[in-house]
Amino acid sequence: MASESVSDADATTYRDHWPVWFDSTLFTVIVGSLVVVFVGGFVQVSFGAFTMYDPTPEDTWYYVLYQNLLYTWFGVFNVDVLLNPQTWEAFILGAEVPDMSKISLVVWTLRMPRVVVAMLVGMNLAVSGAIFQAVTRNELASPFILGVSSGAGLMILLTLVVLSGFTLVIPLYVGELALSIEALLPIVAAIGGIVAFLIVYAIAWKNGTSPVRLVLAGVIVSTVFGSLQTGLFFFAEDIGVVQTAIQWTTGSLTGVGWEQVRMALPFTLIAMTLSLVASRQLNVLLLGESTASSLGMNVERVRFALSGVAVLAAAASIAVAGIVGFVGLIVPHMVRNIVGSDYKRLIIGCLFAGPALMIAADVGARLGLTVLLGSAGQMPVGIVTGLIGGPYFLYLMRKQETMGEI
């Protein structure tokens, strides 16, 4: 009996010193998300306009599928690509792409960037939504609710309608750099999201802010900016401008490349690092303003700083994929239901669950029309996330008696 009690005490001591990664529920979220990312990513790089394997009339459909997946496997795990420093210098730093086989070229330069961008977008939106939900103490808060997405969408549409055909020429020492308006849209989207949230914060300010006023101000700004977006469509004369605007305002990963990865990666690393470091402050905010103040926290300063981190993450996402709805809303909610409200676990869970949802949704966006209608077209990924998010919250409404305040 004594030996059993000692072993139990030792086990308890070891559990107390386990890092957050070894929480069983969090471990389940991480492993499940990685499986979805790997399977979904492999499907993404396996199918496209370029056929990995040219079938013969005698080949059956499952043999063609097997050969296609086999060729893709060798294209993805090509040692000459994975272990070549010049390859990663080209992808991450924008250097010249080294010589590689045709299949590896298609996989790594055309299809793999879409998977990586989807991971970054899902990560940013999920963490951004989690932070906004702590700042407002409302589990229904998200970048969309707080005006960030609508501000970015309005700036995109305004730029396309007013400055259509505009080219920015920047004089350089060795010549000139000409940037089309399409090349400036990521920067415009990020600026629009940041300005929108500053407006929300200004409206909510009255001797300080409160979670309720932040949400109400966000709804006001989102409604007004959404109406202005709809009005601007009537002033767009070029159908190409309308299509580009729709692609941005619905969220799409079509045509993304390593350039978008390089654009989003630095801001993603900064935002994710800051969110992990600030997990303790996020937990304190959940206790309420009076309790947080009694613990020595400057609530307004911390709330504004954390909101800045969330806006940075959302802006990085919007800059490369447009406005993708529901990810920042449902991922923190799903992870919270599994791992609890501790933000140490919640943020880490969102870092994995966000990419999993985005990649799964993008697989549906790419292959949905092909499977359902036999069409070769693609849907914007924002449509798929909306189709996932709506039924999910309907399920929550039927299951939970109360929703809203955390």
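Residues numbered from 1 in each chain as written. Predicted model: local features only at pLDDT ≥ 70, side-chain atom pairs only at ≥ 80, totals over all residues. Heavy atoms only, no water.

Trainee: Outline a nonpolar patch on the surface, listing residues and values.
Mentor: A surface patch of nonpolar side chains, about 660 Å² in accessible area, is lined by Ile187, Ile191, Val195, Ile199, Ile203, Ile220, Val224 and Leu228. Secondary structure elements with two or more residues in the nonpolar patch: helix 8 (181-204) and helix 9 (211-233). Mapped onto the elements, Ile191 comes out in helix 8. When its relative accessible area of 45% is taken as the criterion, Ile191 is described as partly exposed. (Patch = residues over 30% accessible without salt bridge, like charges linked within 9 Å, V, L, I, M, F, W, Y side chains within 5 Å. Areas by Shrake-Rupley, 256 points an atom, 1.4 Å probe, with all protein chains shown as cover. Salt bridge = Lys/Arg side-chain N within 4 Å of Asp/Glu carboxyl O. Helix = DSSP H or I, 4+ residues; strand = E, 2+ residues; numbered from the N terminus. Buried < 20%, exposed > 50% of the residue type's maximum accessible area, 1.4 Å probe, protein only.)

Trainee: Break down the packing of aromatic side chains for me, citing the residues and quoting the values.
Mentor: Summed over all chains, the structure comprises eight aromatic pairs. Both rings, one in Phe38 and one in Phe42, keep their centres 6.5 Å apart while their planes meet at 15 degrees; by these two values the pair is stacked. In this pair, Phe38 and Phe42 are both assigned in helix 2 (residues 24-46), four residues apart and thus about one turn of the helix distant. With relative accessibility at 45%, the residue Phe38 sits in the partly exposed group. Classification of Phe42 as buried rests on a relative accessible area of 17%. An angle of 10 degrees between the planes, with centres 4.5 Å apart, marks the rings of Phe91 and Trp258 as stacked. In this pair, Phe91 is assigned in helix 5 (residues 85-93) and Trp258 in helix 11 (residues 258-277), connecting sequence segments 167 residues apart. Across the pair, exposure class does not vary: Phe91 and Trp258 are buried alike. Among the aromatic residues, ring-to-ring pairing joins Trp88, Phe91, Trp108 and Trp258 into one connected group. (Phe/Tyr/Trp six-rings, centres within 6.5 Å; stacked < 30°, edge-to-face > 60°.)

Trainee: Lay out unusual backbone geometry with the relevant residues and their values.
Mentor: Despite not being glycine, Arg137 shows a phi value in the positive range, around 55 degrees. Secondary-structure assignment places Arg137 in the loop between helix 6 (102-136) and helix 7 (148-162). Residue classification places Arg137 among the partly exposed positions, given a relative accessible area of 22%. Even without glycine at this site, Phe326 takes up a positive phi of about 75 degrees. Locating Phe326 in the fold gives a position in the loop between helix 14 (299-321) and helix 15 (327-339).

Trainee: Describe the pattern of salt bridges, with residues and values.
Mentor: Under the criterion given, the structure shown has four salt bridges. Linking Asp362 and Arg114 is a salt bridge whose minimum nitrogen-to-oxygen distance equals 2.7 Å. Here Asp362 is found in helix 16 (residues 343-373), whereas its partner Arg114 is found in helix 6, with 248 residues between them in sequence. With relative accessibility at 0%, the residue Asp362 sits in the buried group. Its relative accessible area of 8% is what places Arg114 among the buried residues. Here Asp342 makes a salt bridge to Arg345, at a shortest N to O gap of 3.8 Å. What makes Asp342 partly exposed here is its relative accessible area of 23%. We classify Arg345 as partly exposed; its relative accessible area is 23%.

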